[in-house]
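Below are the chains, spelled out letter by letter.
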Amino acid sequence: MARPGRKKEFGVGIIGYSIGRVHAHGWQGVDEVYHPARAKPRLVAMAGRTRERVETEARRFGFKKTYTDWRKLVADDEVDIVDNCAPPYLHAEATIAAAEKGKDLVCEKPMARNAKEGKAMLEAAERAGVAHMVGYNFRFVSAVALAKQIVDEGLLGRLYYYKGSYLNAAARYEDPETPADWHHSSEMAGYGALADLGTHAIDLARFLAGEVKSVQSVSRTFISSRPEKKGSNKKVKVDVDDVTVSALSFENGAAGLIEAAWVTPGRTDSLTFEAYGSRGSLRFNLERMNELEVYLPGEDSRFNGPRNVLVLGREHPFMTRYWVNQAGGFSWENSFVNELNHYLECLVEGKSVSPQGATFLDGYRNCLIMDSMVDSARTGRRVDLSAG
Ligand SMILES: NC(=O)c1ccc[n+]([C@@H]2O[C@H](COP(=O)([O-])OP(=O)(O)OC[C@H]3O[C@@H](n4cnc5c(N)ncnc54)[C@H](O)[C@@H]3O)[C@@H](O)[C@H]2O)c1
């Protein structure tokens, strides 16, 4: 775990410049939004495969150095935190190498391609005694954090049913002519819609409803080969899911459902959850991320019914530092600022990022659940995770 009082400024090295740009913006936002920040990030280095592109992105955000070999970033003495924003095929190798160099760690979701790799990453981080967090940024959306407060305060009563869903067709994967990319290869991504989207829904299910006991899943791959490039006749095999749906049992006895699909035209970023308990319920949709539907029956029956709470007030989680409560609203990028600021605060305090943030243990358990879903879909059997 992190060393308290060690220092107040941390050199950041980011591997990958796609979601890596969003992280760069997030690290920059820490001292803007949380000024004066408890700990300041310094953008030291960015690594990517294409020299020209990595140099362009690095310049844009003010990184001092660029590398096309991630090993050089990991070996750089000015880098204290390695933030792995590469695709899943590079998560375990580069993150374990960074842990062995004593770097503190951030890794994008899904933490690994499978639970075996995830376990190796968790063990490497624990062996090295470094800080670790997986980029489940939606935990840092104010409305989601408010939902967590409501559940933790017991306001829903006994939880009966939780439904989590992530449907995102932004990449146009419903179209068979959309070319293959790393998301379509189990070798590179682990799983398909499940690893890309379902992993977020699983994380929020664990965050809000607790540990998963068993899963029973159905998966479909509708488009089993795709053009290698746009307009090409050469086809590449797709060996991952387009849709995975799972019925769950939670350790606390609640029933659940998790959906992940990227062949859902019209749904651009529909990450939703619903939680129903003996005393009330909650409903959230990322496409309306500043709102939380809350049903908590009050004394006056005339006003009973779900209420749409605008989560923009100073009393709401993370909102004291934003001035968005007059119009506009909190945005997706802000969740990364909150997440990375939380990581830095925990680092200087020598605390785990849990329970607000996701540790490598959360990342590993998430991988175990995905492995079990794929296993269940393949065999048609329910898979029990209690022993995992
Ligand atoms: N938290 C979120 O909401 C969110 C959103 C998007 C992506 N992601 C995750 O972020 C990760 C990256 O996704 P992406 O969409 O940015 O992918 P991408 O393919 O668009 O970009 C990957 C980046 O990694 C770099 N890279 C790949 N192999 C490399 C290597 N061997 N050496 C150095 N650099 C290398 C590439 O140059 C590129 O900059 C994935 O795990 C994805 O699931 C998370």
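Talk me through the overall build of the protein chain; I want residue IDs and the actual numbers.
Across its full length, the protein chain carries ten helices and 17 strands. Against the globule reference of 21 Å for 388 residues, the protein chain gives a C-alpha radius of gyration of 21 Å, in line with a compact fold. Burial analysis of the protein chain (388 residues in total) assigns 56% to the buried set. A separation of at least 24 residues holds for 69% of the contacts in the protein chain among residues at least 6 apart in sequence. Only carbon and sulfur atoms are counted for the fraction: they give 49% of the accessible area of the protein chain, which is about 16900 Å². Charged side chains of the protein chain number 51 positive and 51 negative; the gap between the two group centres comes to 2 Å.

So what about the packing of helix α6 (residues 142-152) against helix α8 (residues 193-209)? Which residues, and what values?
Between α6 and α8, whose axes approach to 9 Å, the crossing angle comes to 35 degrees. Touching V144, A147, K148 and V151 of α6 are L204, F207 and L208, all from α8. Residue classes in the contact of α6 with α8 are distributed as six nonpolar, no polar and one charged.

If you had to explain the sheet that holds strand β2 (residues 40-47) to someone new, which residues and values would you point to?
On the basis of which strands lie adjacent, the open sheet formed by six strands has the order β3-β2-β1-β4-β5-β6 and parallel pairing. Across the chains shown, the open sheet's two edge strands, defined by having one partner strand only, are β3 (65-67) and β6 (132-134). Looking at each pair of strands side by side, their axes are set apart by 25 degrees on average, direction ignored. Running over the sheet, helix α9 (residues 332-349) touches β1 (9-15), β2, β4 (81-84), β5 (104-107) and β6 and is turned about 165 degrees from β6.

Outline the packing of aromatic side chains, supporting the account with residue identities and numerical values.
Here the structure, examined in full by the defined rule, presents ten aromatic pairs. Taking 6.1 Å as the distance between ring centres and 80 degrees as the angle between the ring planes, the aromatic pair formed by F138 and Y166 counts as edge-to-face. Note that F138 is positioned in the loop between β6 and α6 and Y166 in strand β7 (residues 159-167), a separation of 28 residues in sequence. For the pair F138 and Y166, one class covers both residues: buried. Residues Y173 and W262 carry aromatic rings whose centres are separated by 4.7 Å and whose planes lie at 70 degrees to one another, so their mutual orientation is edge-to-face. Residue Y173 is located in the loop between β7 and α7 (186-189), and its partner W262 is located in the loop between β12 (255-261) and β13 (270-277); the two are separated by 89 residues in the primary sequence. The same class applies to Y173 as to W262, namely buried. Note that K148 overlies the ring of F207, its terminal NZ or CZ placed 4.8 Å from the centroid.

What counts and how
Residues numbered from 1 in each chain as written. Predicted model: local features only at pLDDT ≥ 70, side-chain atom pairs only at ≥ 80, totals over all residues. Heavy atoms only, no water. Helix = DSSP H or I, 4+ residues; strand = E, 2+ residues; numbered from the N terminus. Rg over C-alpha atoms; globule rule 2.2 N^0.38 Å. Buried < 20%, exposed > 50% of the residue type's maximum accessible area, 1.4 Å probe, protein only. Contact = heavy atoms within 4.5 Å. Areas by Shrake-Rupley, 256 points an atom, 1.4 Å probe, with all protein chains shown as cover. Lys, Arg positive; Asp, Glu negative; His and termini not counted. Charge placed at Lys NZ, Arg CZ, Asp CG, Glu CD. Axes fitted to C-alpha atoms, helices over the stretch in contact; angles between N-to-C directions. Nonpolar A, V, L, I, M, F, W, Y, C, P; charged D, E, K, R; others polar. Pairing = 2+ DSSP bridges. Phe/Tyr/Trp six-rings, centres within 6.5 Å; stacked < 30°, edge-to-face > 60°. Lys NZ or Arg CZ within 6 Å of the ring centre and 35° of its normal.

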